[in-house]
Structures are given as structure tokens and as C-alpha cells.
Amino acid sequence: MGNGCDQGKDDQVHSVWLRPRRVPKGEPPLTLARIVEAAVALLDEEGIDRLTMRRLADRLAVAAPSLYWHVDTKDDVIDLAVDAIFGEVPVAGGGGGGGGGGGEDGRGDDWRGEDWRAGVTAVVTAWRTALLRHPWAAAVPARRRPTIGPNFLARMEVLQATLVRGGLSGTRLAAAAWALYNHVFGSAGAQTALRITDEERRVGQAKLTADRDRYPTLADNGYLYDDDWDGSFATGLEFLLDGIAGRAGRGS
């Protein structure tokens with residue numbers, strides 16, 4: 001919500017998904033699909049900090065102004081690339097890709113069984129797998145951009161529909177969905193960002209042991225050797241689902 005002093009900012013529509021797309025006469029040979037494919041490849045190879053419009057144009061062997069037929073800024077490119085990543089997440093029949101796979105609403109039959117917990121687990125585990133294939137993508141939610149591309153919305157529709165089947169509605173539905181979203185992105189982001197050597201682990205854990213009076217739990221439980229990412233993700237997800245199950249069906 002804004003106030004009168006912020007009208008200049010509040011009237012802006014920054015998201016590439018919400019701005020009307022320019023349709024020039026005589027569409028140039030460079031397509032939006034080619035731009036997104038090249039952007040994902042560049043991001044995979046070099047990371048988000050190295051992405052520039054000039055480097056992307058060089059990869060496509062075009063002049064940088066050619067990109068602006070389709071996108072206005074680097075943020076547009078990143079938004080499109082993130083949505084392409086979600087297009088890899090299967091929504092039906094184990095397939096993935098493109099526009100939603102499981103029909104126009106993005107709902108896949110795989111998630112519609114009686115066991116809603118298994119459905120949620122399948123959905124969010126597939127999200128995490130896609131993010132780990134493209135580590136740069138896990139950091140993007142920290143930016144101030146809405147995640148509303150068609151591929152992401154199709155997958156969020158599947159997740160929320162599965163939670164509704166589990167008995168959630170209203171504010172509890174939204175809270176559960178975003179708790180699961182944060183668990184996926186937090187897990188993938190931490191796993192891809194952490195850089196620690198074996199020697200740092202050894203020396204660091206020795207320091208915790210020496211300072212056991214201050215950090216007894218960390219010393220006793222091998223804090224710096226805790227790198228079972230898959231196990232921690234799965235166990236944390238079970239904790240979340242236990243909590244969600246306990247609140248489902250109790251009304252708003």
C-alpha cells in the first residue's frame with residue numbers, strides 16, 4: 001500500500017509479465033525464446049552477477065539493441081529465465097517443459113491422489129531439483145520482483161490445489177504454500193551458496209569444541225559437518241507437513 005508521497009513509484013509496472021509486449025512490424029529474426037535459452041545457458045555457466053545485456057547479445061551474435069525488441073532491462077531477462085527454469089518442473093505424467101505440461105491450468109494428474117502429503121512432497125522436491133540444476137535461480141527471490149510467470153503460476157497452482165485437497169483454505173492455505181516455497185528456496189540457496197573446505201570444517205569444529213562452554217550443542221552435534229542437504233531438506237519438509245496436517249481442516 002502506498003501513500004500520496006509515493007505515487008511516482010507506485011504507478012510503475014516493473015514486471016515483464018504485466019507490461020504489454022511491443023509487437024513491431026516485421027518481427028526481427030531474434031525471438032524471445034532464443035533470448036531466454038541463451039540467458040539460461042549464460043547464467044548456468046557464469047552466474048547472475050556476470051549477466052549483462054552486452055554479454056547476452058554477444059552470445060547470440062547480435063547487436064545489443066536487438067534485444068530491446070523483446071525486453072527492456074536485465075531484470076526482464078532474469079524474470080524470463082527463472083520462469084523457464086520452472087518450466088522444467090514436471091506437472092503431469094512425469095514430463096516437464098514449456099507451458100505447463102498438464103493442461104492449460106497446469107494441474108497434473110500425478111498430484112491428485114488421496115495422499116496429499118505425497119503430492120506436496122513430489123511437487124516441492126521437483127522444484128528443488130530444478131533449482132539445483134540452475135544454482136543462480138535460487139538467489140533470485142531475494143530481488144524485489146513478483147514471481148508471476150506462467151510456468152511458475154502453473155506449478156504454484158498445483159501446489160495450492162494439492163494443499164486444498166489436504167483441507168487447507170484461506171489464510172492457512174497461503175501461509176502453508178509460502179512456508180513450503182521458502183523451505184525449497186532456502187534449502188537450495190544455502191546448498192549452492194555455501195563454500196567451505198575440509199580444513200575449514202576441521203579447524204572450525206575444533207574451535208567449537210574448545211569453546212564448548214559457550215557452544216555446547218554445536219560442539220556436541222558436529223555443527224560444521226552438517227552437510228546432509230538432501231536429508232535435512234526431507235526432514236524439514238516432514239516437520240512442515242506435520243504442522244500443516246495438524247492445522248488443516250480447523251477453519252481460518
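Heads up: the structure comes first, above all this text.
Bear in mind that the values here come from a model prediction, so they are computed numbers and not experimental data.

J.: Which parts of the structure should I look at to understand the overall build of the protein chain?
T.: A count of helical and extended segments in the protein chain gives 10 helices and 0 strands. Counting from the amino terminus, the protein chain carries its helices and strands in the arrangement α-α-α-α-α-α-α-α-α-α. In the protein chain, which comprises 252 residues, the share counted as buried stands at 36%. Within the protein chain, contacts between residues at least 6 apart in sequence are counted, and of these 68% link residues at least 24 apart. Element-wise, carbon and sulfur atoms account for 54% of the exposed surface of the protein chain, whose accessible area totals about 14,200 Å².

J.: What am I meant to see in the environment of Ala234 here?
T.: Here Ala234 is to be found in helix α10 (residues 229-247). For the pair Ala234 and Thr121, spaced 113 residues apart in sequence, the C-alpha to C-alpha distance is 8.6 Å.

J.: Before we go on, may I ask you to explain helix α6 (residues 150-165) in this structure?
T.: Residues three or four positions apart in an α-helix share a direction because the helix packs 3.6 residues into each turn. Taking 1.5 Å of rise per residue, the 16 residues of α6 would be expected to cover 22 Å, and the 22 Å separating its terminal C-alpha atoms lies within 8% of that figure. Against the buried residues of α6 lie α4 (74-86), α5 (116-133), α7 (170-193) and α10. Looking at the residues trailing α6, positive phi occurs at Gly167, about 105 degrees.

J.: Where do I start with the environment of Arg202 in this structure?
T.: Secondary-structure assignment places Arg202 in helix α8 (residues 198-210). Each C-alpha atom, one on Arg202 and one on Leu224, is 8.1 Å from the other, the two residues being 22 residues apart in sequence.

J.: Would you explain the packing of α5 against α10 in this entry?
T.: Relative orientation and spacing of two packed helices are given, respectively, by the angle between their axes and the distance between those axes. At a minimum axis separation of 11 Å, α5 and α10 run at an interaxial angle of 140 degrees. As judged from the angle between their axes, α5 and α10 are oblique. At the point where α5 passes α10, the crossing takes the right-handed sense. In contact with Trp116, Arg117, Val120, Thr121, Val124, Thr125 and Arg128 of α5, α10 contributes Trp229, Asp230, Phe233, Leu237, Glu238, Leu241, Asp242, Ile244 and Ala245. In terms of residue class, the contact of α5 with α10 is made up of 9 nonpolar, 2 polar and 5 charged.

About the cut-offs
Residues numbered from 1 in each chain as written. Predicted model: local features only at pLDDT ≥ 70, side-chain atom pairs only at ≥ 80, totals over all residues. Heavy atoms only, no water. Helix = DSSP H or I, 4+ residues; strand = E, 2+ residues; numbered from the N terminus. Buried < 20%, exposed > 50% of the residue type's maximum accessible area, 1.4 Å probe, protein only. Contact = heavy atoms within 4.5 Å. Areas by Shrake-Rupley, 256 points an atom, 1.4 Å probe, with all protein chains shown as cover. Expected span 1.5 Å × (residues − 1). Axes fitted to C-alpha atoms, helices over the stretch in contact; angles between N-to-C directions. Parallel < 35°, antiparallel > 145°, perpendicular 65-115°, else oblique. Left-handed = near helix turned anticlockwise from the far one by under 90°. Nonpolar A, V, L, I, M, F, W, Y, C, P; charged D, E, K, R; others polar.

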